[in-house]
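Geometric and topological summary
Take a look at the letters that make up each chain.
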Amino acid sequence: MKQVTVALRLFRGIVLAFALGATTGCYRYQYAPVAQAPVGKEVRVHLTPEGFTRLRAAVGDGLPNIRQVFDGALVEQNAQQLLVSVRVATDARVATAGLMQRVAVPVDDVQALELRELHKGKMLAIGIGAGVVLAALIAHYVGGVFGGTTGTIPDPGQPETIIPLLRR
């Protein structure tokens, strides 16, 4: 029973490592023209120094974590401006997972724009690694250590003959 628990913990660890890698380390940012940025995608906005000064003056202390380069989700865009949803930084003791603020950025103030994309090479490497570890675990536990033996089966000997007695 202890081996089952160990195997289950290892399996959970593999799944957790894959999920963690897939959600955090398997993305990269690629430069893209501002006009071609698709709405709904995660973006990294690089502002010009003058644009950052104007944005900082406009938002004041409402977004203390806003920098010249910031990340967010592109909500809307047109020829004049981008509307980006940015995470609001508050007290570290308060959960801010869903607290977002929309920021309007004039297109002329955008120096560069990067799109967040899935890094397929890293995902493939994580998938292959997890598959190899899972296959090794299965081979280890199916190979006789868990749930049985790999030795020869002993001869059962002579069969018994049982005759049931019937009553009328």
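Residues numbered from 1 in each chain as written. Predicted model: local features only at pLDDT ≥ 70, side-chain atom pairs only at ≥ 80, totals over all residues. Heavy atoms only, no water.

**Looking at the pattern of salt bridges**
Within the structure shown, the criterion is met by 2 salt bridges. A salt bridge links D71 to R44; the shortest N-O distance between them is 2.8 Å. With a gap of 27 residues between them, D71 in strand β3 (residues 69–77) and R44 in strand β2 (residues 42–47) connect regions that are remote in the sequence. Using a relative accessible area of 24% as the deciding quantity, one classes R44 as partly exposed. With a shortest N-O distance of 2.4 Å, R54 and D109 are connected by a salt bridge. (Salt bridge = Lys/Arg side-chain N within 4 Å of Asp/Glu carboxyl O. Helix = DSSP H or I, 4+ residues; strand = E, 2+ residues; numbered from the N terminus. Buried < 20%, exposed > 50% of the residue type's maximum accessible area, 1.4 Å probe, protein only.)

**Some points on the packing of aromatic side chains**
Applying the stated criterion across every chain, the model contains 0 aromatic pairs. Over the ring of Y29 we find R44, and its NZ or CZ is 3.8 Å from the ring centre. (Phe/Tyr/Trp six-rings, centres within 6.5 Å; stacked < 30°, edge-to-face > 60°. Lys NZ or Arg CZ within 6 Å of the ring centre and 35° of its normal.)

**Considering the side chain of E114**
Among the secondary structure elements, E114 is positioned in strand β6 (residues 110–118). At 4.3 Å, R44 is the nearest oppositely charged side chain to E114, a buried residue that forms no salt bridge. Side chain to side chain, E114 and H46 meet in a polar contact 2.6 Å long. (Lys, Arg positive; Asp, Glu negative; His and termini not counted. Polar contact = N/O pair within 3.5 Å; in protein donor to acceptor, adjacent residues only side chain to side chain.)

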